[in-house]
Amino acid sequence: METTKYREVWELDSLFPGGSESSQLLKHIKELEGKVYTFANHVSYFQPSQEVADSIKIAALLEHMSTIQIHVSQANSFITCLLAQNPKDQTATSLQSKIGDIRASFDSSVQKTQKILQGIEENLWQSMLDTSLLQNHAFILNELRTKGARQLNDNEFVSELMIDGYHAWGQFYHALISDIKVNISINGNRNELSVGQAINLRSHPDEKVRRKSHEVLENTWIEKEDLFARILNHIVGFRQQVYKKRGIENVLEEPLIDNRIEEDTLNAMWRAVNKQKKPFVDYLNKKAELLGEPKLNAYNFWAPITESTQQLEYKEAVDFITKHCGQFGPELEAFTLNAFEQGWVESENRSAKSVAAFCAGFPLTGESRVFMTFGGTIKDVLALAHELGHAFHNYAMKSVDGLSKKYPLSLAETASTFSEMIVLEAAIKETTSDQEKLFLVDEKLKRSVMNFMNMHSRFLFEKNLNEERKQGFVSPSRLNALMKEAMEEAYHSSLENASVHSWIWTPHYYITKSPFYNFPYTFGYLFALSIFAKAKEKWKTFEQEYLALLRDSGRMSTEDLVMKHLEEDIKSEVFWEKGLALCIEDVREFILLTEKIKR
């Protein structure tokens, strides 16, 4: 009889029975509205008296914020799961909009709180932080106060304008690009595809299909570049006006604060990456050679260098992941087994479900849910391990208060990349086929190139765009030129026919809540690899140190986090070189395997 740990459909009723029609869910949302209303009243009536005794009121505000944060996450995660398993669930869609309104109201009160905290005199503030009520929340409070300083010159009118101005441009972009369809012939059949589907053809085994997809998309962007240039200029221009009003001169100031890292740390990371790019250029050149090209065409980057013939049943994937998680540590093994046995994973390969894999955290009940479609390939195994890594991060933070559960984007991929590396490295070691091993090493190196070269090009482009936008409207032709220059620099001129219009189809540039949505990816990837390098020195004895690091990831700066748990300075290039060394070793193995197979 098949055991429960192999079931492929998740269990949601233990969270809110009845799905989108759940009376418990509706009650939860109604109570959440009341909590937000009560919090707003507390904020409105809070007038600091410039006395240390006000720390009692501040502690109460923090308690409200923590509780609301947990309850919002619980409801939002559940609705996200409902829409993933059935994107046409109109009731869930309506509830998602409702949660959005509640979150907006909550955010407004949080911003008012930030301004209130900023208004407290410095000496008094330090005295408050020394009280028993607040000393354990000093980092979060200082962060709220810092954000209050950024908004000091704002008024509610500016915030209201951002809804239908700044954020509306980002929403318009996503609506516009989702409506675009392109026609591409595959095996003689004409197909009408979305932009996402067309981009996914870059990994198609037929080079003609890859090239045709690239050409069709580039021609589409040429036709529409004027419109997208206006959208991007409006987003960047609006943000710059807000920064000007706030007295912010450095465009990196806000994203660095949001990611809880210092500019010296970011610069050290990029310096380390830049110094070590030659091995990855060698990889790209070797791939070009294997494909018979003098220089690798960008549309062939994702081309399979060899086909993976390995097909796995879901139960085999479960056993493989559980086994190798257990070799790292007993707690990760027990957690992984529990996730499968308790029905936390939705993996069934069926139609009418969302295509995107994700992990949803349920902080109120200390659970997670993982969503994906398992198709039987090693890539699916890696995706499953990746999302379970996110769930393990949530597990590590079960005992942490609501506000400290929220870690920055720069650390969001730490546990997921770590878990994926455990499974990927194990798969490479266990395979006896050189062809299969080459396929897996190539998969690893694609991730490295994306993080060290592609993300670097996005960072350079966005930085240069911000400088030019200060002088006025940046034309489509100039945007193309900036993109080309960034790609040439980041890839060390190792790509041919790179998409100069990637500023159009890369959605990260249009995310209004998170400018510079690029360097956190590189940071998180390399950070996880550097921790993985450390873990390999200790392996099973490292698990408790790893859990402690994850547990603290939402309540201190990243610099302090690494110094506390790893006793290392991430402002030093040496730290980053440890993760890079693992990736450089992959290049050596890739080249050796290609030579071995050739013989």
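Residues numbered from 1 in each chain as written. Predicted model: local features only at pLDDT ≥ 70, side-chain atom pairs only at ≥ 80, totals over all residues. Heavy atoms only, no water.

Caption draft 1: Region of the structure containing the overall build of the protein chain. Secondary structure summary: the protein chain contains 24 helices and seven strands in total. Radius of gyration (C-alpha) of the protein chain: 25 Å, near the 25 Å computed for a compact globule of 599 residues. Oriented by its inertia axes, the alpha-carbon framework of the protein chain measures out at about 80 × 65 × 50 Å. Every one of the 599 residues in the protein chain was classed for burial, and the buried ones make up 54%. Long-range contacts, defined as pairs at least 24 residues apart, comprise 77% of the intrachain contacts of the protein chain with a sequence gap of at least 6. Per element, the accessible surface of the protein chain, about 26,200 Å² overall, is 49% carbon and sulfur. For the protein chain, the centre of its 69 positive side-chain charges and the centre of its 83 negative side-chain charges are spaced 2 Å apart. (Helix = DSSP H or I, 4+ residues; strand = E, 2+ residues; numbered from the N terminus. Rg over C-alpha atoms; globule rule 2.2 N^0.38 Å. Buried < 20%, exposed > 50% of the residue type's maximum accessible area, 1.4 Å probe, protein only. Contact = heavy atoms within 4.5 Å. Areas by Shrake-Rupley, 256 points an atom, 1.4 Å probe, with all protein chains shown as cover. Lys, Arg positive; Asp, Glu negative; His and termini not counted. Charge placed at Lys NZ, Arg CZ, Asp CG, Glu CD.)

Caption draft 2: Main features of the sheet that holds strand β6 (residues 367-371). The mixed open sheet is built from three strands, whose spatial order is β4-β6-β5. The open sheet has two edge strands, β4 (345-346) and β5 (358-362), and neither has a second partner. As paired elements, β5 and β6 share five bridges and run antiparallel to each other. When the sheet's bridge partners are listed, F358 is paired in β6 with F371. Of the strands in this sheet, β5 and β6 touch helix α2 (residues 55-85), which is tilted by about 145° from β5. (Pairing = 2+ DSSP bridges. Axes fitted to C-alpha atoms, helices over the stretch in contact; angles between N-to-C directions.)

Caption draft 3: Up close: the nonpolar core. One finds F228, F280, F461, W503 and W576 to be the most contacted residues of the largest nonpolar core, which totals 133 residues. By residue number, the principal contributor to this core is helix α18 (residues 434-469), which donates 13 residues. If you look at the next biggest cluster of nonpolar residues, it comprises 47 residues, including I29, V43, I68 and V72. (Core = buried A, V, L, I, M, F, W, Y, C linked by side-chain atoms within 4.5 Å.)

Caption draft 4: Spotlight on the packing of aromatic side chains. Across all of its chains, the model carries 34 aromatic pairs by this definition. Consider the rings of Y314 and F374, whose centres lie 5.4 Å apart with planes at 70°: the pair is edge-to-face. Here the residue Y314 occupies a position in helix α13 (residues 314-328), and F374 occupies one in the loop between β6 and α15 (378-396), the gap between them amounting to 60 residues. Clustering of aromatic rings is evident, with ring pairs tying together F328, F335, W344, F392, Y395, F418, F532, F542 and Y546. (Phe/Tyr/Trp six-rings, centres within 6.5 Å; stacked < 30°, edge-to-face > 60°.)

Caption draft 5: Spatial organisation of the pattern of salt bridges. Taken as a whole and assessed by the stated rule, the structure comprises 35 salt bridges. Between E467 and K470 there is a salt bridge whose closest N-O contact spans 3.3 Å. Connected via shared salt-bridge partners are K287, K379, E420, D442, E443, K446 and R447. (Salt bridge = Lys/Arg side-chain N within 4 Å of Asp/Glu carboxyl O.)

Caption draft 6: How the structure looks around the side chain of N300. Along the chain, N300 turns up in the loop between β3 (296-297) and α13. Taking relative accessible area as the criterion, N300 reaches 0% and is therefore assigned buried. A polar contact is formed between the side chain of N300 and the side chain of E207, at a distance of 3.1 Å. Every residue in contact with N300, bar those within four places of it in the chain, is listed here: E207, R210, K287, L291 and E293. (Polar contact = N/O pair within 3.5 Å; in protein donor to acceptor, adjacent residues only side chain to side chain.)

Caption draft 7: Up close: the confidence of the model for the protein chain. Across the protein chain, the average pLDDT comes to 91, with 97% of residues at 70 or higher. Within the protein chain, the lowest mean pLDDT, 69, falls on helix α6 (residues 156-164), and the highest, 98, falls on helix α19 (residues 476-490). (pLDDT = per-residue confidence, 0-100.)

Caption draft 8: Inspection of α13 at higher detail. With 15 residues, α13 extends 22 Å from end C-alpha to end C-alpha; this agrees with the ideal 21 Å at 1.5 Å per step. Y314, A317, V318, F320, I321, T322, H324, C325, G326 and F328 are the residues of α13 that are buried. Contact partners of the buried residues in α13: α14 (330-341), β4, α15, α17 (414-430), α21 (519-538) and α22 (543-551). (Expected span 1.5 Å × (residues − 1).)

Caption draft 9: Quick look at the packing of α18 against α19. Contact geometry of α18 with α19 gives a least axis separation of 8 Å together with a crossing angle of 140°. Accordingly, the angle class assigned to the pair α18 and α19 is oblique. For the pair α18 and α19, the crossing hand works out as right-handed. Along its contact with α18, which presents M453, H456, S457, L460, F461, N464, L465 and E468, the element α19 presents R478, L479, L482, M483, A486, M487, E489 and A490. (Parallel < 35°, antiparallel > 145°, perpendicular 65-115°, else oblique. Left-handed = near helix turned anticlockwise from the far one by under 90°.)

Caption draft 10: Inspection of unusual backbone geometry at higher detail. We note that H492 has phi near 55°; this positive angle belongs to a residue other than glycine. Judged by its relative accessible area of 40%, H492 falls in the partly exposed class. In this structure, N497 is a non-glycine residue whose phi angle is positive, near 55°. On the secondary structure map, N497 appears in the loop between β7 (495-496) and α20 (502-505).

Caption draft 11: Spatial organisation of helix α1 (residues 23-45). Across its 23 residues, α1 extends 33 Å between first and last C-alpha, which sits within 8% of the 33 Å expected from 1.5 Å per residue. Considered for burial, the residues of α1 that qualify are L25, H28, I29, L32, V36, F39 and V43. On its buried side, α1 packs onto α2 and α3 (90-118).

Caption draft 12: Spotlight on the pairing of β6. Where burial is concerned, most of β6 is hidden: five out of the five residues are buried. Residues E367, R369 and F371 of β6 are buried on one face, and the alternating residues S368 and V370, pointing to the opposite face, are buried as well. Taken together, the two bridges between β4 and β6 define a ladder with parallel strand orientation. Each bridged residue has a counterpart across the sheet, and for V345 the counterpart in β6 is V370. With antiparallel pairing between neighbouring strands as the criterion, β5 and β6 make up a hairpin whose turn holds four residues, including G366 at a positive phi of roughly 70°.

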